[in-house]
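# Understanding the architecture of this molecule
The primary structure of each chain is shown beneath.
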Amino acid sequence: MAQRGIQMDQEKLCCSICLDLLKDPVTIPCGHSYCMSCIKSHWDVEDQKKIHSCPQCRQLLIPRPALVKNTMLADLVEELKKTGLQPAAADHYYAGAGDVACDFCTGRKLKALKSCLQCVVSYCEQHLQPHYESPAFGKHKLVDPSETFQENVCTRHNEVMKMFCRTDQKCICYLCSLEEHKGHDTVSAAAEQTERQKELGVRRQKIQQRIQDKEKDVKLLQKEVETVIHSANETVRNSEQIFTGLVYLIENKSSEVKQQIRFQQETEVSRAKELQMKLEQEISELRRKDTELEKLSLYEDNTQFLRKYPPLPCLSESTDLPSSGTSPPRYFEDVTAAVSEAIDKLQDVLIKEWINISHTLTNVDVLLPQAEPKTRDEFLKYSHKITLDPNTANQQLQLSEGNRKAKNKRKKQSYSSHPDRFINRSQVLSQESLTGRHYWEVEWSGLGVHVAVAYKDISRKGDKSQFGNNDKSWALDCSDDNYEFSHDGICTSVSGPESSRVGVYLDHRAGVLCFYSISETMTLLHRVQTTFTQPLYAGLRTYGFLGFGSSAELCEPKD
């Protein structure tokens, strides 16, 4: 308690200006005490205003009071010094390197707490009190102290720059607005700040809206990543089950073939052994008869020979082996050939379908829907090589150029029968299924062509098999004088520049299908927005008339 009392006395014996122990303490008329040098310096500054006041209570003192040393306080300070205690003011109150110092403090300056825009002065906590207490300072605006605070003062007129010149886009003082900025569009700095705060608010709203949009995109991506992982895991499980089932089926069929071979083996071996037993019995009987006849042949007495000679019985029908001809027997070689042929067919199917499986995997799209391409370079990013499937080609079509070109021929082609082949229309589909984003171009010549996309299960015969005449295909009819788009039997006239090259852009996931006229520039002919429920296949249909046939080629896009 005694120590705390000494501490209390110590604080009371500190100068509120320098926050150090009083030196030559003096007491002014209001009752507050200061170091003589501190209060003198404070009043010297106020001499310019001819008004003197107490730094603590702000009481006006007119005229400037004469200062007399307070001997009692001086004695108390000396007693306190003898105790060896340090001054009450801590060093962290003083302004150091990088701090803004109080402009009112004399001697060692304290850190500024606030700066006044009207006074253009920085204040410590003690000297700031009048701005909080006196109504005269009510309209003064206080801001956080800054080393660049003096930049608010006009270097030419030494006035606070409270104006803003919109013509020159700079802060000026009132005198500047009357001189070199006379006639310019000038407003108060506060008004300009208010206006720009509004603009700032609008910009912040746009930024915040964009942040919200991006955060939604991030959440959507996170959800999609989870969906992709779940879908991939599910697909892996399903694929494993399918391939396991296929392996089981093959093993089961292998077991069945083995059992049938073994059963047939046992049957044939049993039959052969049974026949062998009959032959051996027949051999024994013949040998017995031969022995009897041999004994009889040894008789020399004619009478005895004739008496013993029995009537010759007829020999039983001989058991003969099936005739095998001259070629060696082929027991199970045909089975091996049949199994080998079945495996070859299975391999062909797997290799063909693996192309579609691999192509589908490479086009898995896990990103958010992207904007449609605008430039040719952007379209070419989605260019993939597409080939035509001979098994779908109508017999009027001749495929060439590595199955990338189809030409209408008067003479039917000698294609083998296939369930995927188009019967009544000179059409063909691509081998590759199309999902994700794709771009390809078709170069055509002749009477006209249909450039199309279609589902795999489109009809192969009849009027409904024609591209665009059903709900499973979308087609652009191209001829020399016009374009026409068709889907589900509904035709739409399309206008655009004539060109022998047509570009097709597909975003399967977004349900977007676009046709472009390609010349020196790309011109959009028709755009489809729908929902695709199956993988799509590129399609071509050519016209033919009186021996004149059109041709269409899936060509390499030109840069």
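Figured I'd write up the structure that's included with this text.

Here is what the cut-offs are and how they apply
- Residues numbered from 1 in each chain as written.
- Predicted model: local features only at pLDDT ≥ 70, side-chain atom pairs only at ≥ 80, totals over all residues.
- Heavy atoms only, no water.
- Buried < 20%, exposed > 50% of the residue type's maximum accessible area, 1.4 Å probe, protein only.
- Helix = DSSP H or I, 4+ residues; strand = E, 2+ residues; numbered from the N terminus.
- Arc of directions from axis to C-beta.
- Contact = heavy atoms within 4.5 Å.
- Pairing = 2+ DSSP bridges.
- Axes fitted to C-alpha atoms, helices over the stretch in contact; angles between N-to-C directions.
- Disulfide = S-S within 2.5 Å.
- Core = buried A, V, L, I, M, F, W, Y, C linked by side-chain atoms within 4.5 Å.

## Digging into helix H2 (residues 36-46)
Every buried residue belonging to H2 is among Cys 38, Ile 39, His 42, Trp 43 and Glu 46, and all of these are buried. Down the axis of H2, the smallest arc covering the buried residues is 125°, so these residues share one side. On its buried face, H2 is in contact with strand E1 (25-27) and strand E2 (33-35).

## Considering the sheet that holds strand E12 (residues 437-445)
Read from one edge of the open sheet, seven strands run E9-E10-E23-E12-E17-E18-E19, paired in antiparallel fashion. Each of the sheet's edge strands pairs with one partner strand only, and the pair in question is strand E9 (397-400) and strand E19 (522-529). If you compare each strand with its neighbour and ignore which way they point, the axes differ by 20° on average. Sheet analysis places strand E17 (residues 501-507) next to strand E18 (residues 512-518), joined by six bridges and oriented antiparallel. Opposite Asp 507, over in E18, you have Val 512 as the bridge partner.

## Considerations on the state of the cysteines
Applying the stated criterion across every chain yields a total of zero disulfides. With no disulfide of its own, Cys 165 lies closest to Cys 176 among cysteine sulfurs, the gap being 9.7 Å. On the basis of relative accessibility, which here comes to 0%, the residue Cys 165 falls in the buried class.

## What about the nonpolar core?
Core analysis: the biggest nonpolar cluster contains 34 residues, and Trp 440, Trp 474, Leu 476, Cys 478, Leu 513 and Phe 515 have the highest contact counts within it. Ranked by residues supplied to this core, first place goes to strand E13 (residues 448-455) with four residues. For Leu 513, the residues in contact, after removing those within four places along its chain, are Val 453, Trp 474, Val 504, Tyr 505, Leu 506, His 526, Arg 527, Val 528 and Phe 532. Judged by nonpolar contacts, the second largest core, of 19 residues, contains Cys 15, Ile 17, Val 26 and Trp 43.

## Points about helix H4 (residues 125-133)
Helical geometry: 3.6 residues make up each α-helical turn, so side chains three or four residues apart lie on a common side. Among the residues making up H4, those that are buried are His 127, Leu 128, Pro 130 and His 131. Buried residues along H4 cover an arc of 135° about the axis, so they all sit on one side. Residues of H4 that are exposed and point over 90 degrees away from its buried face: Glu 125 and Glu 133. Looking at the buried positions of H4, the neighbouring elements they touch are strand E3 (114-116), strand E4 (121-123) and strand E5 (142-143).

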